[in-house]
Protein chains: 2
Amino acid sequence: MIDSIEILGLIAAVLTTVAFLPQVYKTWKTKSAESLSMTMLLVFESGVLCWLVYGFLIDSFPVILANAITAVSGIFLLYFKFRYKN
Amino acid sequence: MIDSIEILGLIAAVLTTVAFLPQVYKTWKTKSAESLSMTMLLVFESGVLCWLVYGFLIDSFPVILANAITAVSGIFLLYFKFRYKN
């Protein structure tokens, strides 16, 4: 039983991590970040960086990996938000 | 030491949870969800729902609370995405 619970946690981590990739692609492709909230991007990126440090401190590879990928997505989205400002 | 690590984890959870509230507010206020990726919203919401079930299965109140709030934000954003389609 513990195994299927851990698998569900891993599926959850993969989904909430890869979710931002189509957003990065769409924002890059359309060159539009108009309806993305800057506050959301900044608060979210801060949270993800906290998760990343937390992952290192508790020595959890899944937490480190998921949040490292999400942090990179977040940096791209912040860059696009500044770049495509109108 | 374990206490400050747990506090960092809680700060991370709070930040990545509340991050979506300004996005929900902005999308509702501007009636524009144009640059939000539908794929991102659907994959993210699926992931958050997995986290929520996972939270119940491991009996973790912070995981349940954070993901319940994020799930509601995600449902609002999906609703806006359909509603404000142009």
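Cut-offs and rules
- Residues numbered from 1 in each chain as written.
- Chains lettered and ligands numbered in written order.
- Predicted model: local features only at pLDDT ≥ 70, side-chain atom pairs only at ≥ 80, totals over all residues.
- Heavy atoms only, no water.
- Helix = DSSP H or I, 4+ residues; strand = E, 2+ residues; numbered from the N terminus.
- Buried < 20%, exposed > 50% of the residue type's maximum accessible area, 1.4 Å probe, protein only.
- Polar contact = N/O pair within 3.5 Å; in protein donor to acceptor, adjacent residues only side chain to side chain.
- Contact = heavy atoms within 4.5 Å.
- Axes fitted to C-alpha atoms, helices over the stretch in contact; angles between N-to-C directions.
- Parallel < 35°, antiparallel > 145°, perpendicular 65-115°, else oblique.
- UniProt positions renumbered as here; feature names shortened; annotations may be inferred.
- 1 Å grid on protein atoms, 1.4 Å probe; cavity = no way out; pocket = protein on both sides within 12 Å on 5 of 7 lines; lining within 4 Å.
- Points joined across faces, edges and corners; volume = space filled by probe spheres on them.
- Nonpolar A, V, L, I, M, F, W, Y, C, P; charged D, E, K, R; others polar.

Overview of the side chain of asparagine 67 of chain B
Residue and element names in this part refer to chain B. Positionally, asparagine 67 belongs in helix H4 (residues 61-83). Accessibility expressed as a relative area gives 11% for asparagine 67, which makes it buried. Among the polar contacts listed, one links the side chain of asparagine 67 to the backbone oxygen of valine 63, at a separation of 2.8 Å. Ignoring sequence-local partners within four residues, the contact set of asparagine 67 consists of Val48, Trp51 and Leu52.

Details of the packing of helix H2 (residues 20-30) of chain A against helix H3 (residues 38-57) of chain B
Remark: H2 of chain A packs on H3 of chain B, axes separated minimally by 7 Å, with the N-to-C direction vectors making an angle of 170°. Put simply, H2 of chain A runs roughly antiparallel to H3 of chain B. Each of Phe20, Pro22 and Gln23 of chain A in H2 of chain A lies in contact with H3 of chain B, whose residues at this interface are Thr39, Met40 and Phe44 of chain B.

Some details on the UniProt feature "transmembrane region" (unreviewed entry) in chain A
Mapped onto this numbering, the UniProt entry annotates "transmembrane region" (unreviewed entry) at residues 6-25, 37-57 and 63-80 of chain A. Structurally, residues 37-57 of chain A is divided into 95% helix and 0% strand, and its ends, taken at the C-alpha atoms, are 30 Å apart.

Quick word on the layout of surface pockets
Here the largest pocket is characterised by a volume of approximately 980 Å³. Looking at the largest pocket, it is lined by 36 residues, and the ones nearest its centre are Trp51, Val63 and Asn67 of chain A together with Trp51 and Val63 of chain B. Going through the elements one at a time, helix H1 (2-18), helix H3 (38-57) and helix H4 (61-83) of chain A together with helix H1 (2-18), H3 and H4 of chain B are the ones with two or more residues in the lining of the largest pocket. Of the residues assigned to the lining of the largest pocket, the class counts are 22 nonpolar, 12 polar and two charged. Quantified by volume, the second largest pocket comes out at close to 150 Å³. Taken together, Leu10, Ala13, Val14, Thr17, Val18, Leu21, Pro62, Leu65, Ala66 and Ile69 of chain B make up the lining of the second largest pocket. Elements that contribute at least two residues to the lining of the second largest pocket include exactly H1 and H4 of chain B. It is H1 of chain B that provides the largest number of residues to the lining of the second largest pocket, a total of five residues. Grouping the amino acids of the lining of the second largest pocket by side-chain chemistry returns nine nonpolar, one polar and no charged.

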